[in-house]
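Chain and residue survey
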Amino acid sequence: MAILVVADHDNSTLAAKTLNTVAAASAIGGEVHLLVAGHQCDSVAQQARSVAGVTKVLLADNPALENQLAENVSLLVTEQGREYSHILASTSTDARNMMPRVAALLDVDQVSDIIRVESEDTFVRPIYAGNAIATVRSNASVKVITVRSTGFDPVAAEGGNATVETIASDHDAGITRFVSAELAQSDRPELSSAQIIVSGGRGMGNGENFALLYEVADKLGAAVGASRAAVDAGYVANDMQVGQTGKIVAPQLYVAVGISGAIQHLAGMKDSKVIVAINKDEEAPIFQVADYGLVADLFVAVPELKSKLPE
Amino acid sequence: MKILVAVKRVIDYNVKVRVKADHSDVDLTNVKMAINPFCEIAVEEAVRLKEKGMADEIVVVSLGDDACQEQLRTALALGADRGILVQTEQPPGSLAAAKLLKAIIDEEQPGLVLLGKQAIDSDNGQTGQMLAALAGLPQGTYASEVTVDAGKVNVTREVDGGLQTVSLDLPAIVTTDLRLNEPRYAALPNIMKAKRKPIAIKTPADLGVTVSSTLTTLKVEPPAQRQAGIKVASVDELIEKLQHEAKVI
Ligand SMILES: Cc1cc2nc3c(=O)[nH]c(=O)nc-3n(C[C@H](O)[C@H](O)[C@H](O)COP(=O)(O)OP(=O)(O)OC[C@H]3O[C@@H](n4cnc5c(N)ncnc54)[C@H](O)[C@@H]3O)c2cc1C
Ligand SMILES: Nc1ncnc2c1ncn2[C@@H]1O[C@H](COP(=O)(O)O)[C@@H](O)[C@H]1O
């Protein structure tokens, strides 16, 4: 039986995370089909058909699917998914919102947030904010799984040549209405796919001071993240939070500025290749995971870093 | 309106988790336990809705062993009116939890059900959505703002790109995110009063639910430890290391 991957997209572009999810599906083995559910999302299907390893794209285009409302999308995924051995999606908020509904409708347990595939029925996932790693076997008839992108290297976006099959969809549960979305606009790289991330914590003191980090980030081509404390204090928007309950990232370089290193923050970034910490408290727990620690006042060190970094 | 809140007993979020030597599970003996932080936020939200006159009764439910009564008492001290403990030896998996909660919904007929967005032990993040699917109800997950008005609830959700607002017909399921509110501390007189509030004890059989799971945990291991690195003395040394040793810039 084939594996169904639910694509992440915004009706125009296939999200990079989907490539990691397809990689997890390929690790399980078998044919991989990609479901694009949305509205006026034909361009997504065109991108999906060239993803390496995908043999078929299912395109469901319906106004009720436009905003990825879980009540509606889950009906479609459940109907399609019955024919598959596994249904996979990423851990985007859309997928995390929708997939457990699919699992419940299929009456199977879900395996959340896998970081490794051991075999077609055995998966590895972090629990307790990453302080323990569990190996879990599922004997569910259909295995419903969400995939942590940082656990899998993405497959190539090009090279595949899948067929596109349009499927009828009238899946509208009619119990939820989309009201509005306030999405942050930024020209900077996206947190979840950036090679370098510069993050600020409560030590930044206020939102204006984040300008210091943006300047460093622009020089490095980096994304900017934040601790929960910085988000809660209103310095920056919620979508910048890194951690157990924010985004999970694993860039080549993570620079933590004025962040103490609580376990919930570490849970979101400790798989980064190289970690730098800038903190004025030499006892701060972040230094226990940092490859390079600089004990300094950030208001001195960060401007100096900015001026001395090569262009 | 009646509000139902599901509270899970979990390890206190400040405690450092240790894995058992035989790698069968994490070691919870003599570890401080607490209400899951997201569930505490759910209780607080219910209490605020009641204070605003939007709700007249708050029922808290926990699924697990007798020790969960401790967390139910805490919720009662925060302002919930009565508790229900569904006794299971182990905390059930998310699907079984959703089935038990569905049976409680059928009995209690609440107008709004609040859950945490995830339990910080399993980190599953599934139960609310599963419950909504089983009950055929709309869901507002990762809520950072909840307003109830004329048979509807508007939920502002924390999503990857920012915020999204949805409008749900009541009854509905809402799961809480961290910024929904800051839970209060229970005042001593309320802790005393909570001792007299009722807690009903039920079994899955009473609710007609069989607790089972298609998942087996084969082993639980500690994560790979990161070695602490070095301290650099200056910004110049930092840049030098990043360029020539780590080669990441
Ligand atoms: C259920 C739950 C989930 C959570 N999820 C997350 C999550 O996803 N992400 C997350 O980040 N947190 C999360 N938290 C919160 C976490 O426990 C910490 O409270 C938070 O990470 C602290 O943020 P911080 O390091 O910015 O602030 P603090 O702990 O206050 O640290 C500030 C640091 O800045 C340093 N500093 C101050 N001024 C300067 C200066 N001038 N120069 C240099 N250094 C300076 C200080 O020495 C200190 O180390 C969660 C908590 C709970 C209970
Ligand atoms: N054993 C339990 N008792 C009470 N509530 C639970 C239990 N398990 C899960 N829940 C509820 O479901 C939420 C999400 O849990 P989970 O899906 O396991 O991450 C929790 O925050 C609780 O509100």
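Counting restarts for each chain: residues are numbered from 1 in the order of the written sequence. Each chain gets a letter, beginning with A, and each ligand a number, beginning with 1, in the order they are written. Only residues with pLDDT of at least 70 are given local features in this predicted model, and only at 80 or more are side-chain atom pairs given and counted; all residues enter the totals for whole chains, interfaces and linings. With hydrogens and water excluded, all non-hydrogen atoms of the structure serve as input to the side-chain values.

All right, on to the overall build of chain B then. For chain B, the helix and strand inventory stands at six helices and 13 strands. Burial classification: accessible surface area is computed with a 1.4 Å probe over protein chains only, and a residue below 20% of its type maximum counts as buried, one above 50% as exposed, and the rest as partly exposed. Every one of the 249 residues in chain B was classed for burial, and the buried ones make up 54%. Residues count as neighbours in contact if any of their non-hydrogen atoms are within 4.5 Å of one another. Considering only contacts within chain B whose residues lie at least 6 apart along the sequence, 69% involve residues at least 24 apart. Of the roughly 10,700 Å² that chain B leaves accessible, carbon and sulfur atoms contribute 50%. As used throughout, the charge tally considers Lys and Arg to be positive and Asp and Glu to be negative, leaving His and the chain termini uncounted. Lys charges are placed at NZ, Arg charges at CZ, Asp charges at CG and Glu charges at CD. Distance from the positive charge centre (29 side chains) to the negative charge centre (33 side chains) of chain B: 2 Å. Going along the chain from the N terminus, every DSSP run of H or I of four or more residues is numbered as a helix, and every run of E of two or more is numbered as a strand. Reported accessibility uses the Shrake-Rupley method at a 1.4 Å probe radius. Residues are deemed covered only where the shown protein chains occlude them.

For the rest of this paragraph, the subject is the side chain of His39 of chain A. Residues and elements named next belong to chain A. Relative to the helices and strands, His39 resides in the loop between β2 (32–38) and α2 (42–48). Looking at His39, the relative accessible area reads 18%, which means it is buried. Here a polar contact is taken to be a pair of N or O atoms separated by no more than 3.5 Å, where protein atoms must pair a possible hydrogen donor with a possible acceptor and residues adjacent in sequence count only if both atoms sit in side chains. Of the polar contacts made by the side chain of His39, one reaches the side chain of Asp61; its length is 2.9 Å. With sequence-adjacent residues up to four places away left out, His39 is seen in contact with Asn11, Asp61, Asn62, Pro63 and Glu66.

Next up on the list: the pattern of salt bridges. Counted as salt bridges are all cases of a side-chain nitrogen of Lys or Arg within 4 Å of a carboxyl oxygen of Asp or Glu. Scanning all chains against the criterion turns up 29 salt bridges over all chains. A salt bridge links Lys99 of chain B to Asp107 of chain A; the shortest N-O distance between them is 2.8 Å. Here Lys99 of chain B is found in helix α3 (residues 94–108), whereas its partner Asp107 of chain A is found in the loop between α4 (93–105) and β5 (110–114) on a different chain. Judged by its relative accessible area of 27%, Lys99 of chain B falls in the partly exposed class. Of the charged contacts, one joins Arg48 of chain B and Glu44 of chain B as a salt bridge, the two residues approaching to 2.7 Å between their closest N and O atoms.

A separate point is the environment of Gln126 of chain B. Looking at the element boundaries, Gln126 of chain B is found in the loop between β6 (112–116) and α4 (127–135). Given the relative accessible area of 2%, Gln126 of chain B is considered buried. In this structure, the C-alpha to C-alpha distance between Gln126 of chain B and Lys52 of chain B, residues 74 residues apart in sequence, is 29 Å. Residue contacts for Gln126 of chain B: discarding those within four places in its chain leaves Pro100, Gln110, Val111 and Ser112 of chain A together with Ser94 of chain B. Here the side chain of Gln126 of chain B touches Gln110 of chain A through a polar contact of 3.0 Å, landing on its backbone oxygen.

With that out of the way, let us pick up the packing of aromatic side chains. For Phe, Tyr and Trp, rings pair up if their centres lie within 6.5 Å, where Trp contributes its six-membered ring, and each pair is then called stacked (planes under 30 degrees apart), edge-to-face (over 60) or tilted (otherwise). Within this structure, the stated rule accounts for one aromatic pair over all chains. Only when the NZ atom of a Lys or the CZ atom of an Arg is both within 6 Å of the ring centre and within 35 degrees of the ring normal do we say a charge sits over the ring. Seen from the ring of Tyr142 of chain B, Arg96 of chain A lies directly overhead, with NZ or CZ sitting 5.3 Å from the centre. Looking at Lys231 of chain B, its charged tip hangs above the ring of Phe287 of chain A, at a distance of 4.6 Å from the centre.

Looking now at the sheet that holds strand β13 (residues 230–232) of chain B. In spatial order, the strands read β13(A)-β12(A)-β14(A)-β15(A)-β16(A)-β13(B); together these six strands make up an open sheet with parallel pairing. The strands lining the two open edges of the sheet, one partner per strand, are β13 (223–226) of chain A together with β13 of chain B. Here the average twist between neighbouring strands, direction ignored, is 25°. Strands were regarded as paired on the criterion that DSSP finds at least two bridges between them. As judged from the five bridges shared by strand β14 (residues 253–257) of chain A and strand β15 (residues 274–279) of chain A, these two strands associate in the parallel manner. Counterpart to Leu253 of chain A in the pairing with β15 of chain A is Val274 of chain A. Of the strands in this sheet, β14, β15 and β16 (292–295) of chain A are in contact with helix α8 (residues 298–308) of chain A, which crosses β15 of chain A at around 130°. Helix axes are fitted only over the stretch in contact, all axes being lines through C-alpha atoms; the angle between N-to-C directions runs from 0 to 180 degrees.

Moving on, we come to the site of ligand 1. We define proximity as follows: a residue is near a molecule or strand when any one of its heavy atoms falls within 4 Å of that partner. In the vicinity of ligand 1, 30 residues are found, and the nearest of them are Arg202, Ser227, Ser260, Gln264 and Asn279 of chain A. Per-site note: the chains with residues close to ligand 1 are chains A and B. Contacts to ligand 1 include Val242 of chain A, whose backbone N or O atom sits 2.8 Å from a nitrogen atom. Interatomic distance of 3.1 Å between a backbone N/O atom of Lys280 of chain A and a nitrogen atom of ligand 1.

The amide bond that connects Leu170 of chain B to the next residue, Pro171 of chain B, takes the cis arrangement and shows omega of -5°. In this structure, Asp113 of chain A takes a positive phi of about 65° despite not being glycine. Turning to its location among the elements, Asp113 of chain A is positioned in strand β5. On the accessibility criterion, Asp113 of chain A (14% relative accessible area) is buried. A positive phi angle, near 50°, is found at Gln109 of chain B, a position not held by glycine. On the secondary structure map, Gln109 of chain B appears in the loop between α3 and β6.

Another aspect to go through is the site of ligand 2. All names here are of chain B. Near ligand 2 lie 19 residues; those nearest to it are Leu63, Ala119, Gly125, Gln126 and Thr127. At 3.4 Å from an oxygen atom of ligand 2 is found a side-chain nitrogen or oxygen belonging to Ser122. Alone, ligand 2 offers 480 Å² of accessible surface; in the complex the protein occludes 99% of this. Elements with a contribution of two residues or more to the shell around ligand 2: β4 (57–64) and β6. Grouping the amino acids of the shell around ligand 2 by side-chain chemistry returns eight nonpolar, ten polar and one charged. When residues are grouped by polarity, Ala, Val, Leu, Ile, Met, Phe, Trp, Tyr, Cys and Pro land in nonpolar, Asp, Glu, Lys and Arg in charged, and all others, Gly among them, in polar.

Glancing now at the packing of helix α5 (residues 210–220) of chain A against α8 of chain A. Residues and elements named next belong to chain A. Packing of α5 against α8 brings their axes to within 9 Å, and their N-to-C directions diverge by 25°. Considering the angle they form, α5 stands roughly parallel to α8. When you trace α5 past α8, the crossing you get is left-handed. Residues Leu212, Leu213, Glu215, Val216 and Lys219 of α5 form the contact with α8, whose own contacting residues are Leu298, Phe299, Val302, Pro303, Leu305, Lys306 and Ser307. Class assignment for the residues of the contact of α5 with α8 results in eight nonpolar, one polar and three charged. Orientation is classified from the angle alone, with under 35 degrees giving roughly parallel, over 145 giving roughly antiparallel, 65 to 115 giving roughly perpendicular, and any other angle giving oblique. Here a crossing is taken to be left-handed if its near helix is turned anticlockwise relative to the far helix by less than a right angle, and right-handed if that turn runs clockwise.

Attention shifts here to the interface of chain A and chain B. Interfaces are often sized by the amount of accessible area the parts lose when they come together. Taken residue by residue, the interface counts 85 residues in chain A and 79 residues in chain B. Buried area: the accessible surface (1.4 Å probe) lost by two parts on joining, summed over both. Among the residues chain A hides against chain B, the three largest losses belong to Asp109, Tyr128 and Tyr292 of chain A. Together they make up 12% of the total. At the junction of chain A with chain B, the criterion picks out six salt bridges. The closest approach of N and O atoms between Asp236 of chain B and Lys308 of chain A, which form a salt bridge, is 3.1 Å. Counting the contacts that link chain A with chain B gives 49 residue pairs in polar contact (both at pLDDT 80 or more).

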